[in-house]
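Descriptive analysis of the structure
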Amino acid sequence: MMTQKNARRLLLFALWTLWICTPNSCAQESNGNPPSPLRLRILSYNIHHGEGTDGVIDLQRIAKVILAQTPDLVALQEVDHRTARTDRVYQTEELKSLTKMYGLFARQIDYEGGEYGQAILSRNPISKLQIHTLPGSPARERRMAAEVECTFDGVTIRFASTHLHHARDDLRLEQANALKKLQTGESPPILIAGDLNAVPDSATIKTLSETWVPTTNASMFTFPSKEPKRQLDYVLVPKGWRLVEARVIDESIASDHRPLLVLVEKELANLPVP
């Protein structure tokens, strides 16, 4: 016959088992699934070489906007590198220092004794910078996509910043088709963010949507920052990623574009692990 003391011990053991074996932990032990999906906070921001709508060049102001969003990855367009107009400042290095993030600059063109292009910031170390030249006339500036690799939760992520042609629909469409070639089955999926200079119902966005999922809707205006009337800035994720949140940051002074922040996720079991 079970004594009262033994019954109490059995009850305490049962309660202890329930406490340590939550549904998530037991499922992880039984089938080896990761505890949660990979989540990434991605910010796309055309910083207008740090010059705000007040005419002041202020990288500290740009850095504060970035830091307030606690991003994992940041795609920056219109970044100067030691040009005359921005006092020979290496803007990528300055933003790295101010945000305490890793970062790389990608040259687009030579400009005013220095260089002009794009930059990528990351919460985790960056490797393998590649510059993909895009088709089109370089009469104003050569267009390109800057691609890097980063690792989050043990998973390799390819991430690119791009800035498509500002005026010609035909060139933007050529550039969109060139970007699609970056997404191959032989490599980890690539996420792209940037100033696409195209509205949501344009041929450019429709073409890119054949390969990626735009993470915004037609009412998320990013330009001009004072009184936004158009969406020009996007984050594109591979099919299979899920949008958790997307919002335009209410910042009208730091640049002529408003930054776009998205939170996306993907089950780790469905991602390539290096």
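First, a word on what this report is: a plain description of the structure on this page.

Okay, the sheet that holds strand E5 (residues 126–133) next. Strand order in the open sheet formed by six strands is E5-E6-E7-E8-E10-E9, and the pairing between neighbours is mixed. Because the sheet does not close on itself, it has two edges, and the strands there are E5 and strand E9 (212–214). With strand direction ignored, the average angle separating the axes of adjacent strands in the sheet is 25°. In this sheet, strand E7 (residues 155–163) lies alongside strand E6 (residues 144–152) in antiparallel orientation, the contact comprising eight bridges. Looking across to E7, one finds that Ala 145 is bridged to Thr 162.

The next thing to look at is helix H5 (residues 169–180). Given a rise of 1.5 Å per residue, 12 residues ought to cover 16 Å, and the 17 Å separating the end C-alpha atoms of H5 matches this to within 8%. Tucked inside the fold, the buried residues of H5 contact E6, E7, strand E8 (190–195), helix H6 (203–208) and E9.

Bringing the packing of aromatic side chains into the picture now. Describing an aromatic ring pair means giving the distance of the ring centres and the angle of the ring planes. With the rule as written, the count across this model stands at one aromatic pair. Consider the rings of Tyr 111 and Tyr 116, whose centres lie 6.2 Å apart with planes at 50°: the pair is tilted. In this structure Tyr 116 comes out as buried when scored by relative accessible area, which is 6%.

The space that makes up the largest pocket amounts to roughly 530 Å³. Glu 78, Arg 140, His 163, His 166 and Asn 197 are, among the 28 residues lining the largest pocket, the residues nearest its centre. Of all the secondary-structure elements, those providing two or more residues to the lining of the largest pocket are strand E3 (102–111), H5 and H6. Along the lines of polarity and charge, the residues of the lining of the largest pocket split into nine nonpolar, nine polar and 10 charged.

What counts and how
Residues numbered from 1 in each chain as written. Predicted model: local features only at pLDDT ≥ 70, side-chain atom pairs only at ≥ 80, totals over all residues. Heavy atoms only, no water. Pairing = 2+ DSSP bridges. Helix = DSSP H or I, 4+ residues; strand = E, 2+ residues; numbered from the N terminus. Axes fitted to C-alpha atoms, helices over the stretch in contact; angles between N-to-C directions. Expected span 1.5 Å × (residues − 1). Contact = heavy atoms within 4.5 Å. Phe/Tyr/Trp six-rings, centres within 6.5 Å; stacked < 30°, edge-to-face > 60°. Buried < 20%, exposed > 50% of the residue type's maximum accessible area, 1.4 Å probe, protein only. 1 Å grid on protein atoms, 1.4 Å probe; cavity = no way out; pocket = protein on both sides within 12 Å on 5 of 7 lines; lining within 4 Å. Points joined across faces, edges and corners; volume = space filled by probe spheres on them. Nonpolar A, V, L, I, M, F, W, Y, C, P; charged D, E, K, R; others polar.

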